[in-house]
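Listed below are the residues making up each chain.
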Amino acid sequence: MLATSFASQTDIVSDVAEFVRSGGYPFENISVVTEDGYLLDLFRIEHGLNVTTGKRPAVLVGHGLFGSSRDYLVMGPKRGLAYLLADRGYDVWLVNGRGTSYSRKHLALNPDVDPEFCWHEVGVYDLPAIIDTIKSVTKQKRIGYIGLSMATTASYVLGAERSEYNNDLSVIISLAPVAFMRHINNPMLLFSSRFEQLLNVAGGMLNMYEIPPKRMQRLVTAMTSSMCHTSSIFVDACAAMLFFVGGHSPTQLDKEDLVTIMKSISPVSLRQILHFAQVINSGEFVQYNHGRSKNLQKYKNAMPPAYDLNKITAPVALFYSDGDLLSRPKDVELLCRKLPRCVVKHRVKLDSFNHFDFLFAIDVVELLYDDVIRVLDSYSDFV
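Before going into details, it helps to say that this report is about the structure given with it. Small disclaimer: the values here were computed from a predicted structure and weren't measured.

About the criteria used
Residues numbered from 1 in each chain as written. Predicted model: local features only at pLDDT ≥ 70, side-chain atom pairs only at ≥ 80, totals over all residues. Heavy atoms only, no water. Helix = DSSP H or I, 4+ residues; strand = E, 2+ residues; numbered from the N terminus. Buried < 20%, exposed > 50% of the residue type's maximum accessible area, 1.4 Å probe, protein only. Phe/Tyr/Trp six-rings, centres within 6.5 Å; stacked < 30°, edge-to-face > 60°. Lys NZ or Arg CZ within 6 Å of the ring centre and 35° of its normal. Axes fitted to C-alpha atoms, helices over the stretch in contact; angles between N-to-C directions. Parallel < 35°, antiparallel > 145°, perpendicular 65-115°, else oblique. Contact = heavy atoms within 4.5 Å. Nonpolar A, V, L, I, M, F, W, Y, C, P; charged D, E, K, R; others polar. Core = buried A, V, L, I, M, F, W, Y, C linked by side-chain atoms within 4.5 Å. 1 Å grid on protein atoms, 1.4 Å probe; cavity = no way out; pocket = protein on both sides within 12 Å on 5 of 7 lines; lining within 4 Å. Points joined across faces, edges and corners; volume = space filled by probe spheres on them.

What follows concerns the environment of Met241. Counting through the fold element by element, Met241 comes out in helix α8 (residues 235-245). Judged by its relative accessible area of 45%, Met241 falls in the partly exposed class. Separated by 111 residues in sequence, Met241 and Ser352 have C-alpha atoms that sit 18 Å apart.

Structure (structure tokens):
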């Protein structure tokens, strides 16, 4: 099981490397510098256990809100998407977006006290720098992209705002896609949308720019370790907390995994949550609302503009489920209609399949990942 101390970025990267290598897989950590000065840790599993020779198409895998590359590793080789892709012949690259436990360095700022960014910056700065790095290392013209939740949102920002990168992606595979949020039932984000302005003001007054706050992260980790074991009287409360944040199917949650899942939660910028709240309130897929004065300065308009989805020319495959409280089927339908090349719209064949099930479901391979890899294979240049 991976350590979760936030004390040293070097320590937690070493823990991930040891965890991956203990299973017989190669591990590489490459530092990526973004245009605006963030230093990101980009993790690579170059090949699987039985596929070590020949050309391997590169695939980039992005994480959701409160997530990191750990999400695709902690379930181990039988259920972790990173291992499954590597064993199917892919050169796997794992995103650690700015502000996560693994990407808390900047050339000038202190990310512990200056995390004022949203997922717009992930799409405009992080993904381009990462894609450029992967292409430079692998010498491949195009790579595949798999994103979950917020990573799907960032990929649409990339395609719309940095449209030249559409040519670098063989396919964008979106798991639990999030752009329009008109029908959302997720408790945490609904609460955030109703109190968006209050949360924004309170964050500034309390100097609280990320969730959980830096000063509380050790406490949260310790509480999780003691409360979420199956022998704890609080185990059902942990499951309820997981449901509040993302949602899960009761039939697909193994409570033995709860400690691992909860300890994998990574801090996020408050603005990332506020940006989603603004999308909910507007009913559109819009850029961040900084307030009238800054909007006029930044956008030349009092209100933030909508992202132009027509500029996303890469093929997009959407994987969704009826039971997902965050990525709702009607919103996925709308997104598919707006995208120029919505090539796949695949519904998971389990009505109760929920948001976190895309990562941690007991039967995630049979219900989801086998189909995802088939789509990825069909768009790969040399599988």
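That was the structure; now back to the text.
Per the counting criterion, the structure on display carries twelve aromatic pairs. What links up through ring pairs into an aromatic cluster is the set Trp119, Tyr156, Phe276, Phe285 and Tyr307. Just above the ring of Phe117 sits the side chain of Arg98; from NZ or CZ to the centre is 5.8 Å.

Contact geometry for helix α5 (residues 187-194) and helix α10 (residues 270-282): axes closest at 8 Å, N-to-C directions at 80°. The angle between the axes of α5 and α10 places the two elements in the roughly perpendicular class. Residues Leu189, Ser192 and Ser193 of α5 touch α10, and the partners they reach there are Ile273, Phe276, Ala277, Ile280 and Asn281. Split by residue class, the contact of α5 with α10 holds five nonpolar, three polar and no charged.

On to the nonpolar core, then. Grouped together as the largest cluster of nonpolar side chains are 118 residues, with contacts concentrated most on Leu60, Leu85, Val92 and Ile173. Take this core: its biggest share by element is nine residues, from helix α14 (residues 364-379). Leave out the neighbours within four places in its chain, and Leu60 touches Leu42, Trp93, Val95, Leu127, Ile130, Ile131, Ile134, Ile143, Gly144, Tyr145 and Ile146. Grouped together as the second largest cluster of nonpolar side chains are five residues, Cys118, Leu270, Leu274 and Tyr299 included.

Next up on the list: the layout of surface pockets. Considering only enclosed or pocket space, the largest pocket measures out at about 610 Å³ in volume. If you trace the largest pocket, you find 26 residues lining it, with Phe66, Ile211, Pro212, Met241 and Val245 closest to the centre. Tallying contributions element by element places helix α7 (residues 217-227) first for the lining of the largest pocket, with six residues. Here the residues of the lining of the largest pocket sort into 21 nonpolar, four polar and one charged. Its volume calculated, the second largest pocket comes out at about 230 Å³. Lining the second largest pocket are 14 residues, and of these Asp36, Arg98, Glu116, Phe117 and Glu121 lie nearest its centre. Listing elements by their share of the lining of the second largest pocket, those giving two or more residues are α3 (119-138) and α11 (292-299).

So yeah, pure geometry; function would need other evidence.
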